[in-house]
Amino acid sequence: MIEDDEAIGSLVGAYLEQAGFDVVRECTGEAGLDAVERRQPRFVVLDLGLPDFDGFELCRRLRGSGDVPILILTARDEEADRIIGLELGADDYLTKPFSPRELVARVRAVLRRAEPVTPESQVIALGDLRVDLRSRRVMLGGLTVGLRTLEFELLAELARHPGQVVTRDRLLDRVWGLSFAGGTRTVDVHVAQLRKKLGRPDLIQTVRGVGYRILEGPVSREA
Ligand code: CA
């Protein structure tokens, strides 16, 4: 966020942080440009009225150095300014005073447009099992299956390799992390829980002494 107004800066910053963003605020255009270059943020909230820089000029400079999404904040409310802001490549525009909630919503909307989700890479569909890697939702036979974090990670790792054996060691490494000191028995216990929750024991096969395999292809038969 490049904003010199302390009150607006800290209020907006607090709302963005509450929404899960890490916020870095700079109070001058010079420091802002520098920070954008160093930190490569996902998003810039830019106040047009800065002490050292014309906001439009700054927007131009930011645009020139990359395609980071920009949301302009301004006290100016003239149609011409809006058009200029958007023509300069700002992604959205809010006029002060504005609701911080609306700002958060706008930031999210711009990010959604800027980082489109390709369904192929985010949702794994195996028969009537759907594993949504982004929303971390699992559907089986059209019903949502509630899983704990580890169970979800386990299922996701298996689903990324349909029809292939995934070893216990690999599952330990991917799901629990290298630092985890527990044994492969932990994997077995969690797979058992996962099977129970899925309610379809044949979906995940045990490959004795090696690991597990999730079925590929249609698995829509009733359990
Ligand atoms: Ca200002």
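1. Looking at the nonpolar core
Then comes step 1: In terms of nonpolar packing, the biggest core is built from 27 residues, with Leu129, Val131, Leu155, Leu198, Ile204 and Ile214 touching the most fellow members.
Then comes step 2: Broken down by secondary-structure element, the contributors of at least two residues to this core are β4 (123-126), β5 (129-132), β6 (137-140), α7 (149-159), α8 (168-176), α9 (184-198) and β10 (211-214).
Then comes step 3: When residues of this core are assigned to their parent elements, the largest contribution, six residues, is made by α7.
Then comes step 4: When near neighbours in sequence (up to four residues on either side) are disregarded, isoleucine 214 contacts Leu126, Leu129, Leu155, Leu158, Ala159, His161, Pro162, Gly163, Gln164, Leu203 and Ile204.
Then comes step 5: Val44, Phe53, Leu62 and Ala90 belong to the second largest nonpolar core, which has 18 residues in total.

2. Quick word on the coordination of the calcium ion
Then comes step 1: Coordination sphere of the calcium ion, protein contribution only: Asp4 (OD), Asp47 (OD) and Gly49 (O), at 2.3 to 2.4 Å.
Then comes step 2: Donor residues binding the calcium ion come from one chain and are separated in sequence as D-x42-D-x1-G. Residue aspartate 4 is found in the segment before α1 (6-18), and its partner glycine 49 is found in the loop between β1 (44-47) and α3 (55-64); the two are separated by 45 residues along the sequence.
Then comes step 3: Assessed through its relative accessible area of 33%, aspartate 4 is described here as partly exposed.
Then comes step 4: Owing to a relative accessible area of 43%, glycine 49 belongs among the partly exposed residues under this scheme.

3. Thoughts on the sheet that holds strand β3 (residues 92-95)
Then comes step 1: If you trace the three strands from one edge of the open sheet to the other, you get β1-β2-β3, paired in parallel fashion. Looking at the sheet topology across the chains shown, the edges are occupied by β1 and β3. Strand after strand, the sheet turns through a mean of 20° between neighbouring axes, direction not considered.
Then comes step 2: Helix-sheet contacts for α3 involve β1 and β2 (70-74), and the interaxial angle to β1 is about 155°.

4. Description of helix α2 (residues 29-39)
Then comes step 1: Among the residues of α2, those classed as buried are Gly29, Gly32, Leu33, Ala35 and Val36. Each buried residue of α2 sits inside an arc of 165° when the element is viewed along its axis, so together they form one side. For α2, exposure combined with an orientation more than 90 degrees from the buried face picks out Glu30, Glu37 and Arg38.
Then comes step 2: On its buried face, α2 is in contact with β1 and α3.
Then comes step 3: Following α2 by one or two positions, glutamine 40 has its phi on the positive side, about 50°.

5. Concerning the confidence of the model for the protein chain
Then comes step 1: Taken over all residues, the pLDDT of the protein chain has a mean of 85, while the share at 70 or more is 87%.
Then comes step 2: Low pLDDT, under 50, characterises residues 219-223; the stretch is placed with 12 contacts to residues that sit more than four places away or in other chains.

6. Some words on the packing of α8 against α9
Then comes step 1: Taken N-terminus to C-terminus, the directions of α8 and α9 make an angle of 80°; their axes are 9 Å apart at the nearest point. Taken together, the axes of α8 and α9 lie roughly perpendicular to each other. In contact with Arg168, Asp169, Leu171, Leu172 and Trp176 of α8, α9 contributes Thr184, Thr186, Val187, Asp188 and His190.
Then comes step 2: Looking at the contact of α8 with α9, its residues break down into four nonpolar, three polar and three charged.

7. Concerning the sheet that holds β6
Then comes step 1: Taken in spatial order, the four strands of this open sheet run β4-β5-β6-β7, and their pairing is antiparallel. Single-partner strands in this sheet number two, and they are β4 and β7 (143-145). Strand-to-strand twist across the sheet, computed as the mean angle between neighbouring axes with direction ignored, equals 20°.
Then comes step 2: The pairing of β6 with β7 spans three bridges and is antiparallel.

Procedures and definitions
- Residues numbered from 1 in each chain as written.
- Predicted model: local features only at pLDDT ≥ 70, side-chain atom pairs only at ≥ 80, totals over all residues.
- Heavy atoms only, no water.
- Core = buried A, V, L, I, M, F, W, Y, C linked by side-chain atoms within 4.5 Å.
- Buried < 20%, exposed > 50% of the residue type's maximum accessible area, 1.4 Å probe, protein only.
- Helix = DSSP H or I, 4+ residues; strand = E, 2+ residues; numbered from the N terminus.
- Contact = heavy atoms within 4.5 Å.
- Donors = N, O, S within 2.8 Å, 3.2 Å for Na, K, Ca; no water.
- Pairing = 2+ DSSP bridges.
- Axes fitted to C-alpha atoms, helices over the stretch in contact; angles between N-to-C directions.
- Arc of directions from axis to C-beta.
- pLDDT = per-residue confidence, 0-100.
- Parallel < 35°, antiparallel > 145°, perpendicular 65-115°, else oblique.
- Nonpolar A, V, L, I, M, F, W, Y, C, P; charged D, E, K, R; others polar.

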